[in-house]
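# Results of the structural survey
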Amino acid sequence: MKTHLIERYGDRSAVRAAEIPDPEPGADDVLVKIHAASVNPLDFKIRDGDFKRILPYRLPLVLGNDLAGVVVRVGSAVTRFAVGDEVYARPDKDRIGTFAELIAVHQNDLAHKPATLTMAEAASLPLVALTSWQALVERAQVQPGQKVLIHAGAGGVGTIALQLARHLGAHVATTASAANSALVEELGADDVVIDYRAQDFEELLDGYDVVLDTLGGKTLEKSLRVLKPGGKVISIAGPPDADFARELGANPVLRQAMKALSFKTRRHAKRQGVTYSFLFMKADGDQLRELTRLIDAGAIRPVVDRVFPFEQTREAMEYAEKGRAKAGKVVIAMA
């Protein structure tokens, strides 16, 4: 099958087209013919080797963390899917590889594609939708009337998190460029839209219950100060913490290292009377099914910036990495 993979960690030049054998599905696996995949910042970080200590992939490695496609074969123990089903997924972190013609996915990580979406639209969603769900529903347990700040509202995670927060009944604020203010308001930022190029959100916001941080760095530091006592910052871009290390099953040395990395942030949070946690989303077919219901009901819609052909996967990654996308996701179409 045709793929785009890396044989070594490196920069953009490390990604190349290659042919490898078709995957062989196990008893609980579903073999999917991929119609579309999408690009995420996680792809760049994996390519660059940023996660090689905590996600020790074997090289060569096919990149890609989102897919939509059609089932072409099922394992002997598969009960939820049949040949011909249209599906979408974020494969488990140990089984990525959606920049390819085929992939074997565990049935627990897969869901039927939303009926209202095209393959390209569906492929844009799994990773960012699961991230939003796990941050706002599972971890923050957002309630109606709470105040939620979502950074980078026009980004891949932001466009979905805004809609989910609105669906949950929250008062939603976001940071975005002035050019995207109308879009983020439409998606759910009914409270405040902060122009990050001209305004400082820390000076304008206070008393928030939850912040979803997608940027890290100074943005994360400032986010701690806009929360009310007992508030929560959940970050997908900040330093990993000991809870994440435990979820990974990391050895004691790596656990201590991660604890040390987040020490400063956790100390600042404690002084503010708030909490900090790092989120690395996980594959979950059941949660995708919950999201599918919201998508087909019109509560959440995908935002796709541009679709590239499969042959231009490297160009698609470069386009996304350089921040050329105006809003939402960059998608790769196989056909």
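Description of the structure in this document.

### A look at the overall build of the protein chain
Summing up its helical and strand segments, the protein chain has twelve helices and 16 strands in all. The dimensions of the protein chain, computed from C-alpha atoms along their principal axes, are 55 × 45 × 40 Å. Out of the 335 residues in the protein chain, the part that is buried amounts to 55%. Pairs at least 24 residues apart make up 69% of the contacts formed inside the protein chain by residues separated by at least 6 positions. Surface accessibility of the protein chain: about 14,600 Å² in total, with carbon and sulfur atoms responsible for 49%. The distance from the centre of the 43 positive side-chain charges to the centre of the 43 negative ones in the protein chain is 6 Å.

### Let's talk about the environment of Asp 94
Among the secondary structure elements, Asp 94 is positioned in the loop between strand E6 (86–89) and strand E7 (102–106). A sequence separation of 71 residues divides Asp 94 from Pro 23, and the C-alpha atoms of the two residues are 14 Å apart.

### Describing the packing of helix H1 (residues 41–48) against helix H12 (residues 313–321)
Where H1 contacts H12, the axes come no closer than 10 Å and their chain directions differ by 105°. Considering the angle they form, H1 stands roughly perpendicular to H12. Facing Asp 43, Phe 44, Arg 47 and Asp 48 of H1, the residues of H12 in contact are Met 317, Ala 320 and Glu 321. Partitioned by chemical class, the residues of the contact of H1 with H12 number three nonpolar, no polar and four charged.

### Quick word on the sheet that holds strand E11 (residues 192–195)
Across the sheet, six strands lie side by side as E11-E10-E9-E12-E13-E14; this open sheet has parallel pairing. Lying at the two open borders of the sheet, with one neighbouring strand each, are E11 and strand E14 (275–278). Pairwise comparison of adjacent strand axes, ignoring direction, gives a mean angle of 15° for this sheet. Across the sheet, helix H3 (residues 126–139) lies against strand E9 (147–150), strand E12 (208–213), strand E13 (227–235) and E14, angled at about 150° from E13, the strand it touches most.

### Re the pairing of E11
As defined by bridge partners, strand E10 (residues 171–176) adjoins E11 across four bridges and the pair is classed as parallel. What sits directly across from Ala 176, in E11, is Asp 195. With respect to chirality, the unit in which E10 leads through helix H5 (residues 181–187) into the neighbouring parallel E11 is right-handed.

Definitions and cut-offs
Residues numbered from 1 in each chain as written. Predicted model: local features only at pLDDT ≥ 70, side-chain atom pairs only at ≥ 80, totals over all residues. Heavy atoms only, no water. Helix = DSSP H or I, 4+ residues; strand = E, 2+ residues; numbered from the N terminus. Buried < 20%, exposed > 50% of the residue type's maximum accessible area, 1.4 Å probe, protein only. Contact = heavy atoms within 4.5 Å. Areas by Shrake-Rupley, 256 points an atom, 1.4 Å probe, with all protein chains shown as cover. Lys, Arg positive; Asp, Glu negative; His and termini not counted. Charge placed at Lys NZ, Arg CZ, Asp CG, Glu CD. Axes fitted to C-alpha atoms, helices over the stretch in contact; angles between N-to-C directions. Parallel < 35°, antiparallel > 145°, perpendicular 65-115°, else oblique. Nonpolar A, V, L, I, M, F, W, Y, C, P; charged D, E, K, R; others polar. Pairing = 2+ DSSP bridges. Right-handed = clockwise from strand over helix to strand, strands pointing away.

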